[in-house]
Amino acid sequence: MQYTPLEDIPKIRETLRNGFRAGKTKSVAHRKQQLKQLGYLIQENMQAFLDTLQSDLGRPYFESDVLEITPAIACIKDAHDNVDKWAKTEKARYRFSTSAMQPQYRKEAKGTVLCISPYNVPVLLSMQPVVAALSAGNTVCLKPSEQTPATSSLLGELINKHMDPEVIQVVQGSVEVATKLLELQWDHITYTGSQRVARIVAAAAARYLTPTTLELGGKSPVIIDPKSDLRLAARRIWWGNVVNGGQVCVAPDYVLCPREVQDKLIKEINIAHAEFFPKGPKNSDSFCRMVSTNHTERIARMLKATKGDIVLGGEIEVKERYVAPTLVINPSLDEPLMQEEIFGPVLPIVPVQNVDEAIAFINARDHPLAIHVFSQNSKVKAKVADETQSGGFLANELLFQVTTHGLPFGGVGPSGSGKLCGKFGFDTLSHLRCTLDSPKYLDTLVLWKRYAPYTEANRKS
Ligand code: NAD
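Residues numbered from 1 in each chain as written. Predicted model: local features only at pLDDT ≥ 70, side-chain atom pairs only at ≥ 80, totals over all residues.

1. A few points about the overall build of the chain
For step 1, the next point in the chain: A tally of regular secondary structure across the chain gives 18 helices and 18 strands.
For step 2, the next point in the chain: Against the globule reference of 23 Å for 461 residues, the chain gives a C-alpha radius of gyration of 25 Å, in line with a compact fold.
For step 3, the next point in the chain: C-alpha extents for the chain along the principal axes are approximately 80 × 55 × 35 Å.
For step 4, the next point in the chain: By the burial criterion, 47% of the 461 residues in the chain qualify as buried.
For step 5, the next point in the chain: When contacts within the chain are restricted to residue pairs at least 6 apart in sequence, long-range pairs at least 24 apart make up 71% of them. (Helix = DSSP H or I, 4+ residues; strand = E, 2+ residues; numbered from the N terminus. Rg over C-alpha atoms; globule rule 2.2 N^0.38 Å. Buried ≥ 20, exposed ≤ 12 C-beta atoms within 10 Å, placed from the backbone. Contact = placed C-beta atoms within 7 Å.)

2. What about the domain arrangement of the chain?
For step 1, the next point in the chain: Each assigned domain of the chain is listed with its residue range as follows: domain 1 (7–217 + 421–433) and domain 2 (221–405).
For step 2, the next point in the chain: Here the C-alpha centre of domain 2 lies 31 Å away from the C-alpha centre of domain 1.
For step 3, the next point in the chain: Counting residues at the interface gives 13 residues for domain 1 and 16 residues for domain 2.
For step 4, the next point in the chain: When residues of the side of domain 1 that touches domain 2 are traced back to their parent elements, those giving at least two are α3 (46–57) and α4 (61–86).
For step 5, the next point in the chain: When residues of the side of domain 1 that touches domain 2 are assigned to their parent elements, the largest contribution, three residues, is made by α4.
For step 6, the next point in the chain: Residue composition of the side of domain 1 that touches domain 2, grouped by class: five nonpolar, five polar and three charged. (Domains from an automatic or database assignment. Nonpolar A, V, L, I, M, F, W, Y, C, P; charged D, E, K, R; others polar.)

3. Details of the environment of Ala 233
For step 1, the next point in the chain: Along the chain, the position of Ala 233 falls in helix α10 (residues 230–242).
For step 2, the next point in the chain: Ala 233 sits 35 residues away from Glu 268 along the chain, and the two C-alpha atoms are 8.6 Å apart.
For step 3, the next point in the chain: Ignoring anything within four residues of it in the chain, the contact list for Ala 233 reads Ile 224, Ser 228, Leu 265 and Phe 374.

4. A word on helix α7 (residues 149–162)
An α-helical turn contains 3.6 residues, so any two residues separated by three or four positions project in the same direction.
For step 1, the next point in the chain: For α7, spanning 14 residues, the distance from its first C-alpha to its last is 20 Å, which sits close to the expected 20 Å at 1.5 Å a residue.
For step 2, the next point in the chain: Along α7, the residues that are buried comprise Thr 151, Ser 152, Leu 154, Leu 155, Gly 156, Leu 158 and Ile 159.
For step 3, the next point in the chain: Tucked into the core, α7 has its buried residues touching α2 (28–44), α3, α6 (124–135) and β5 (168–170). (Expected span 1.5 Å × (residues − 1).)

5. Focus on the UniProt feature "domain: Aldehyde dehydrogenase" (unreviewed entry) in the chain
For step 1, the next point in the chain: As annotated by UniProt and renumbered to match this structure, "domain: Aldehyde dehydrogenase" (unreviewed entry) occupies residues 7–430.
For step 2, the next point in the chain: For the annotated span residues 7–430, helix accounts for 46% and strand for 17% of the residues, and the straight-line distance between the end C-alpha atoms is 30 Å. (UniProt positions renumbered as here; feature names shortened; annotations may be inferred.)

6. Some details on the UniProt feature "active site" (unreviewed entry) in the chain
For step 1, the next point in the chain: UniProt's feature table lists "active site" (unreviewed entry) at Glu 215 and Cys 249, given in the numbering used throughout. Taking the farthest pair of C-alpha atoms as the criterion, the annotated set spanning 35 residues converges on one region, since that pair is 9.1 Å apart.
For step 2, the next point in the chain: If you trace the backbone, Glu 215 turns up in strand β7 (residues 212–215).
For step 3, the next point in the chain: Inspection of the secondary structure assignment puts Cys 249 in the loop between α10 and β9 (254–258).
For step 4, the next point in the chain: By C-beta crowding, Cys 249 is classed as buried, having 28 other C-beta atoms within 10 Å.
For step 5, the next point in the chain: Those residues within four positions of Cys 249 in sequence are excluded, and the remaining contacts are Gly 217 and Leu 369.

7. Comments concerning the site of the ligand
For step 1, the next point in the chain: Within the structure, the ligand sits among 31 residues, and Pro 118, Ala 178, Gly 193, Gly 217 and Cys 249 are positioned closest to it.
For step 2, the next point in the chain: Looking at the shell around the ligand, the elements that each hand over two or more residues are α8 (175–183) and α9 (195–207).
For step 3, the next point in the chain: Counting residues per element, the shell around the ligand draws most heavily on α8, which supplies four residues.
For step 4, the next point in the chain: Looking at side-chain class alone, the shell around the ligand contains 15 nonpolar, twelve polar and four charged residues.
For step 5, the next point in the chain: No fewer than three residues from each of domain 1 (7–217 + 421–433) and domain 2 (221–405) sit in the shell around the ligand. (Near = placed C-beta within 6 Å.)

The following block contains the structure:
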């Protein structure tokens, strides 16, 4: 993959700023035309994207289609079809006292937005911020991940060739390029990725007081209600653990399971595993690989360091970027497996006494991006939702919050801040500019009172 020369980066930012200043993105019709063009680029090159995603991540076509290509097109279409409505100036709620001033707010673009995206779902997670930025009338610089070179190159080639370079450009590269980008002033930065790099991005943004939207990760737990349908729980949790090779920001990171049902849950997970991969995961064309040997080694180190027992899987082949779906029980809480986001198909089960202990366990840690509970009891579900904090809360399901239309997906605290999808993304990347237009007659009628001297007579009349 060809990295963008560092000396070109300030020029690219200038071109995009000039595009914004020239008012290119002011017209909603022009934004819709850009969105349409983007949608066609993804749709008409769907097979090419399925191929690059397979080459970068060893990902089955089916997963790439449902995880990102179809949702990316839906996200673009949603913005295209609704931006006229989203962009309309809105009236403030009616108050007799101020109504004559016509209080309203305009939805204005912020300017030129930098979007830095991750490797794990490289098309959708590049499209969401780009679509939010374009629909709100910004110009955009996208820096996709260098870890998915085939997909990022294809995105870059298509966008840089077919879209207006004063409206959107893709910059390619790794840390050096990202660092150069972050030295420049932007009007907003969206960043999707790890908490470690988010700190670097936030610190760089602070230099210019640039607003940021951070979509991060962390350790998203699953709580098991001992009376829940364990068969259903096992199938769904194991699916969440293996899809995209566990490289999903809202993948189940660990399970908090009451001791009384742990053996039963393990048995059901083994059954689900055998059903998903009848010839074993290594020979299955339905199981993804890790993105790189580095990430494979990272998982290998985690598993080597665990004091827990591996009861399923555990095989790793670094050269092949293969990590078998792995189940670990009784991990010690101070080992990397329980301290760091796993981001691979490895699932520890932590024994607890009951749901109360599980809630206390979660509340003693950073707010996760997602909390899941498996229960058929509405009181248990409500209790977990009410007594915890997280980016999202899912009962008896995993992952669907990312692609469910109309949901404000995002983190809270260390798992992220701000939203980038759909109308929420449009709002994030818009400036709501309040306006008033005060008629002269108000001074004659009532507002003459505002002027000094503030006499008793003024107040009473
Ligand atoms: P990453 O932080 O390593 O990289 C993300 C982006 O940051 C890449 O484009 C990369 O080039 C860039 N980058 C790397 N080092 C940088 C630096 N020093 N300065 C500036 N930019 C730098 O993340 P990743 O490994 O690609 O993705 C995995 C992480 O992303 C996980 O933590 C996962 O939970 C998180 N994630 C979150 C969401 C979400 O929506 N909340 C979605 C997907 C992934």
